[in-house]
Amino acid sequence: MIEIHAVTIDAADPYELAAWWSRATGLPLGDGDQPGDDEVMLRTERDPFLLFIRVPEGKAVKNRVHLDVNGTEGRTRDQEVERLLGLGATVFEDHRNADGTGWMTMRDPEGNEFCVCRSQAERDGAL
């Protein structure tokens, strides 16, 4: 067996992208991480953590692996989409359905796709 230690995300500017994801998720940056670092970590309570590493090439095609996220603190999927838009994310593809199911595919400031899904409370019918 293996354990997943980190999910690594290529970045032109690891610190800036990690800082954006920190604002989006509320996860803290790694101790001592600073602007200009080639590797920057977002700390989680347990593995896997998110690791942003500098790469010379820009993003060219759709991600083969992406994060699925959902709102917390009583926010619906659509409220979370609006909050992330305010932080600088952009809409890529809208997969929401009239019955409330589905998800929104968005892009972070460097163009990496991620999906915003319904929260557990929405899936349970509490929101």
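Residues numbered from 1 in each chain as written. Predicted model: local features only at pLDDT ≥ 70, side-chain atom pairs only at ≥ 80, totals over all residues. Heavy atoms only, no water.

1. Here's the deal with the overall build of the protein chain
Within the protein chain, the secondary structure is distributed over three helices and seven strands. Taken against the 2.2 N^0.38 rule, which gives 14 Å for 127 residues, the C-alpha radius of gyration of the protein chain at 15 Å falls within 12% of a compact globule. Residues classed as buried in the protein chain amount to 32% of the 127 residues present. Across the protein chain, the fraction of contacts at a sequence separation of at least 24, relative to all contacts at a separation of at least 6, is 50%. When the accessible area of the protein chain is evaluated, it comes to approximately 7900 Å², of which 50% is carbon and sulfur surface. For the protein chain, the distance from the average site of its 14 positive side-chain charges to the average site of its 25 negative ones is 5 Å. (Helix = DSSP H or I, 4+ residues; strand = E, 2+ residues; numbered from the N terminus. Rg over C-alpha atoms; globule rule 2.2 N^0.38 Å. Buried < 20%, exposed > 50% of the residue type's maximum accessible area, 1.4 Å probe, protein only. Contact = heavy atoms within 4.5 Å. Areas by Shrake-Rupley, 256 points an atom, 1.4 Å probe, with all protein chains shown as cover. Lys, Arg positive; Asp, Glu negative; His and termini not counted. Charge placed at Lys NZ, Arg CZ, Asp CG, Glu CD.)

2. Describing the sheet that holds strand β5 (residues 90-96)
Across the sheet, which stays open at both edges, the four strands sit in the order β4-β7-β6-β5 with mixed pairing between neighbours. Two strands lie at the open edges of the sheet, namely β4 (67-70) and β5, each paired on one side alone. For this sheet, the mean inter-axis angle between neighbouring strands, taken without regard to orientation, is 25 degrees. Note: β4 against strand β7 (residues 113-117), four bridges, orientation parallel. From the neighbouring strand, L67 faces β7, where its bridge partner is F114. Each of β5, β6 (102-107) and β7 touches helix α2 (residues 77-87); the most contacted strand, β6, lies at about 5 degrees to it. (Pairing = 2+ DSSP bridges. Axes fitted to C-alpha atoms, helices over the stretch in contact; angles between N-to-C directions.)

3. Structural notes on the side chain of D108
In this structure, D108 sits in the loop between β6 and β7. Although D108 is buried, it forms no salt bridge, and the closest oppositely charged side chain is R107 at an N-O distance of 8.0 Å. Reaching out from D108, the side chain makes a polar contact with the side chain of W21 at a distance of 2.9 Å. (Salt bridge = Lys/Arg side-chain N within 4 Å of Asp/Glu carboxyl O. Polar contact = N/O pair within 3.5 Å; in protein donor to acceptor, adjacent residues only side chain to side chain.)

4. Comments concerning the packing of aromatic side chains
Applying the stated rule across the entire model yields three aromatic pairs. Taken together, a centroid distance of 5.1 Å and an interplanar angle of 85 degrees make the contact between W20 and W21 edge-to-face. W20 gets classed as buried once you look at its relative accessible area, which sits at 2%. According to the relative accessible area criterion, W21 is buried, its value standing at 4%. Relative to F114, the ring of W20 has its centre 6.1 Å away and its plane inclined at 55 degrees; by these criteria the two rings are tilted. Of this pair, W20 sits in helix α1 (residues 14-25) while F114 sits in strand β7, placing them 94 residues apart in sequence. With relative accessibility at 1%, the residue F114 sits in the buried group. What links up through ring pairs into an aromatic cluster is the set W20, W21 and F114. (Phe/Tyr/Trp six-rings, centres within 6.5 Å; stacked < 30°, edge-to-face > 60°.)

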